[in-house]
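# Descriptive structure summary
Here are the chains, one letter per residue:
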Amino acid sequence: MATRIHIAAPPITGRANVGGSLVLHVLFAGGIALFAYTHHFFGHSWGDNNQNIGAIQASMVNAIPLPSTAPPTDNVLATDNPSQTPAPLTPAATTAPKPDEVLIPTKTKPPTKIAEHTTPSILHPQTVAPSNRIPAGEAPGMRIAVSTVSLATGTSSMSVPAGDFGARYAYYVNGINHTVAGQWWQQEPDPRASDGRSVTLIFDVLRDGTPTNVRVEKSSGSPTLDASAKHALQRVDGFGGLPDTYRGDRITVEYQFDYHRPQ
Amino acid sequence: MTLHTPARRQWPLLAALALLALATALPRTARAQDDDHVFTSTSTGVDRIRIAAAGFKPLATDATTTGYKHLFDNTLYSDLNSAGIFDLVSQSLAPMATPGTPAEMVVAQWSAAPANAAMVAFGSLNVTGGNVVVNGWLYDTKNTVDPKVLGQQYSEPASDEDTRHIAHEFADEIILRLGGGLPGIAETHIFYVSAHGGNKEIWEMDYDGQSAHQITHLDTITLSPRISPDGNRLAFASLGHDGWNIRVFSMLLGRMVSFPAIGGTNLSPAWSSDGRSIAFSSSRSGDPEIYIGDEAGNNLRRVTAYRGPDVSPVWNPRTNSQIAWISGRTGLPQLYIMDSDGTNVQRMTDGGYATSPSWSPNGQFLAFAWDRKYGPGAPGGQDIYVMEIATKRWIQLTHDTGGRCDFPSWSPDGRHIVFESDSGKSSDIWTMLADGTGRHKLTVGGTSTMPNWSWK
C-alpha cells in the first residue's frame, strides 16, 4: 500500500511576504542610519580632527627622510661621518748622506737688476679754473647746491643758480626737491616716448614759498613728459616761507626731471 | 562678479546695519572673485631727515620746572617721531651736554658719530610768573657758518596741557620748515564716538591720544562725527524721537545748533573743504540716496537716483567737484566716485565688501575699508586700503591686526591715517603713517570708534 505522505507547506500569502520584507528593509536601513549617526558623533571622519573642525589641514614637506643606504654594521664605534680630527703628521722620509759623498751645491740665480726709469713724463699745459674763493682761511661746511632724488621712474634734480642759497639753506632746497618729486605723477609721461629723456623747468619761489612763473627751460622732446613736469609744479601749493635769515624776496630754481621707463 | 540672490535681498538691511556699526555678525552670503594683485605705493613726500631732540635745559631745579621739562621733552620727541619725515636720533645716542642757548651749543658734538644728526632741536624751559617760558632753536649741524634754521619763544600758563601745546607748536614749526612746506599735525585733533559713559557720544582728543574729553551729552546714540573745515561746527548722525537725523554741534557756542530734519534715516554727513556744502545719505524717498545741501542743511538736492543704497559720501577736498561714496546698486557695497552733480559715475572697486571712504587732502588717494574676499569661509578680513584714483591701483595698509579695521580718516598733512580696529569684543582707535608703518593705538578701554581727523 502506497503510503502517501502529505507535506503541507505553510500557506504563503502575498501580504505576509510584503510585510516581512518591509520589516527587514526598515531594520536594515535603521541599522545603517544608527551606525552613521553614532559614527558621526563618536568616530573620526576623513581630513578631520578635533582641532580643525571643518577644514583640512595639510602639512607640506619638500623632502621625505629616506633610510640610509649604508649597510648596517655591528661595530658600535662605526660612524657614517668621518672624524674631524686631522691625521697625525708623518715626517718626510730623509736619507742620510754617505760619508764619502760630495754634495753638489745648489745654484741660486742672482736677482735681475732693473734700471730705474728716469725718463721725465711730458708735461701738458694745464688750465686752472678761476676761483672766487677768498684764500684766507678755509670755508667749512661746503655744500653742493644740487639736490637729487631717486624715484621709481628716474631721478629729479634741482639747483638754485643764484648766490649761495643752496649752500646755506640746503634743507630748504631739499624740501623743494622732495615736494615736487612727490607731486610728479609718473604715470603721466608716455613710457616709450619719454624713456631716457629729461626736461628742465625754471620757476621762482616767492617769499611766502609759493612757486610761480613756471617755464620750460629745456624741453625733453616728449610733450607728455613736459606736461607732467608742469603739472607737478601746478599741484604744489607752496614750499613754506623762505628761510628767515634769507634777505631776498624770491629764489629761482632749476628743476630737472629725468624719466626712465619702469622695469 | 557672481552674486547670489539672497545677498541682493539682504543688502538693504546689511547696509543699514553696517552704517550703525552693528555689522559684526553679518551673514556672509556672497563670495567675491579674485582680481589681479597690483600694488602701488604712496610717498610721504620727504626722505627722512636725521634729527636730534636734545633735552631742554631747565633753568631751575625745582620739581615743578623739572616736571614740565620732562613733559615737554617727551611730547616734542613723540611729535617729531610720529611726523613720518624724520629719522630721530635715539636719546641714548645723544651727547651728554644739554645746551640751553646757542652759545652753549657745540654743533660738532651732534653732527659727529654716534648721533650723526643733520638737525638738532634744543633750548631751555623755565617757569616764571605762573607761565612756562620756552626758548627753542633748530640748528643745521652740517652748516657751521649759519646753522640757525629756527628760533622761537613761547609763553603759556603753567599747566600740563599748555606745556604739551607749546611742544606741539614747536614741533609743527620744525615740521613746516623741514617738511617741504606742509604744516605739521601736532596741533590737530581727532573726533570720535565713545561709549565710555554708557551712551555713544562724541569725544575729542589730541592727535596723539592725549586730553580726551566728551563733546556731546545727548544721552542717545550718536555716530559719524565730522568736524567742519574751520573747526567751528561738528556734524554727526543722532538717533532722536523722529529717527536718525543729521545734527550739528557748535564748538564755539558749546551747544547744538539747528539742522533741518527731513524725514527718513539720515546718516554719514560730510563737509566740503570750503565749508559751504554738506553731503549726507538720506532715505527720505525710501531708498538711501546721497543729498547735498548748504552748510545749514537747506537747498537740498539729490545727486544719486539708482535703485540700491547710496551711503557714506566724501568730497574731494582738493576740488570739491567730486564725491566718493559707497553704493550697493550692484549687490555688495562698492566704492564709487562721481562729479558733485551726479554725473560721470565710476566704480572703483571690483568686488568684495567696501565701506567708509576717506579722500586724501591732495585729492590723489582714497582710503577705505575693504573685505576683498567677502563670503563664507573666505580668507582675510576687513582691512584699510588706499587707492590711487587716477590709476585705480591700490595698496593694503593693515595686515593681521586681529580684528576688523574700519573708518579710516586722513590727517590734514596727508601723511597719516587714523582708523578703528575692532576685535569683536572691543574697538579702539589707531593711527599709522599713510604707507601703513608706524601703527600705534591711541585709545584704551575698547569703546572708541568712528574717528575723524580735524582739518587743521
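Residues numbered from 1 in each chain as written. Chains lettered and ligands numbered in written order. Predicted model: local features only at pLDDT ≥ 70, side-chain atom pairs only at ≥ 80, totals over all residues.

## Here we look at the overall build of chain A
- A count of helical and extended segments in chain A gives five helices and five strands.
- Within chain A, residue pairs in contact and separated by at least 24 positions form 71% of the contacts whose partners lie at least 6 positions apart. (Helix = DSSP H or I, 4+ residues; strand = E, 2+ residues; numbered from the N terminus. Contact = placed C-beta atoms within 7 Å.)

## As for the sheet that holds strand β27 (residues 416-422) of chain B
Residues and elements named next belong to chain B.
- With respect to topology, four strands assemble into an open sheet ordered β26-β27-β28-β29, the strand pairing being antiparallel. Two strands in the sheet have a free side with no partner beyond their single neighbour: β26 (404-410) and β29 (440-441).
- Bridging between strand β28 (residues 427-433) and β29 involves two bridges; their strand directions are antiparallel. Its bridge partner being in β29, Trp430 is matched across the sheet by Lys441. (Pairing = 2+ DSSP bridges.)

## Re the domain arrangement of chain B
Residue and element names in this part refer to chain B.
- Domain assignment breaks chain B into domain 1 (6-43 + 185-453) and domain 2 (49-178).
- When each unit is reduced to the centre of its C-alpha atoms, the spacing between domain 1 and domain 2 is 37 Å.
- Along the lines of polarity and charge, the residues of the side of domain 1 that touches domain 2 split into two nonpolar, four polar and three charged. (Domains from an automatic or database assignment. Nonpolar A, V, L, I, M, F, W, Y, C, P; charged D, E, K, R; others polar.)

## Some remarks on the interface of chain A and chain B
- At the junction of the two partners, chain A supplies 17 residues and chain B supplies 20 residues.
- Top element by residues in the side of chain A that touches chain B is helix α3 (residues 170-183) of chain A. It accounts for seven residues.
- Classifying every residue of the side of chain A that touches chain B gives six nonpolar, 10 polar and one charged.

## A look at the pairing of strand β23 (residues 365-371) of chain B
Residue and element names in this part refer to chain B.
- Counting buried residues in β23 gives seven out of seven residues, a clear majority hidden from the surface.
- Residues of β23 alternate between two faces, with Phe365, Ala367, Ala369 and Asp371 on one and Leu366, Phe368 and Trp370 on the opposite face, all of them buried.
- The antiparallel pairing of strand β22 (residues 353-359) with β23 creates a hairpin that spans five residues between the two strands, and Gly363 there sits at a positive phi of about 80°.
- Pairing geometry for β23 and strand β24 (residues 383-388), over six bridges, is antiparallel. Paired with Trp370 across the bridge in β24 is Asp383. (Buried ≥ 20, exposed ≤ 12 C-beta atoms within 10 Å, placed from the backbone.)

## Concerning the packing of helix α2 (residues 63-81) of chain B against helix α4 (residues 160-178) of chain B
All names here are of chain B.
- Their axes nearest at 9 Å, the elements α2 and α4 cross at an angle of 35°. Seen along the crossing, α2 lies across α4 with a hand that is right-handed. Residue-level inspection shows Tyr68, Leu71, Phe72, Thr75, Leu76, Asp79 and Leu80 of α2 in contact with α4, the latter providing Asp160, Thr163, Arg164, Ile166, Ala167, His168, Phe170, Ala171 and Ile174. (Axes fitted to C-alpha atoms, helices over the stretch in contact; angles between N-to-C directions. Left-handed = near helix turned anticlockwise from the far one by under 90°.)

## What about unusual backbone geometry?
Residue and element names in this part refer to chain B.
- Here the bond from Ala113 into Pro114 is cis, since omega is 5°, no more than 30 degrees from zero.
- Summarising the element assignment, Pro114 is placed in the loop between α3 (107-111) and β4 (119-128).
- A positive phi angle, near 60°, is found at Asn320, a position not held by glycine.
- Here the phi dihedral of Met450 falls at roughly 50°; this positive angle occurs in a residue that is not glycine.
- Within the secondary structure, Met450 sits in strand β30 (residues 448-453).
- Of the residues examined, Met450 has 27 C-beta atoms within 10 Å and is grouped as buried.

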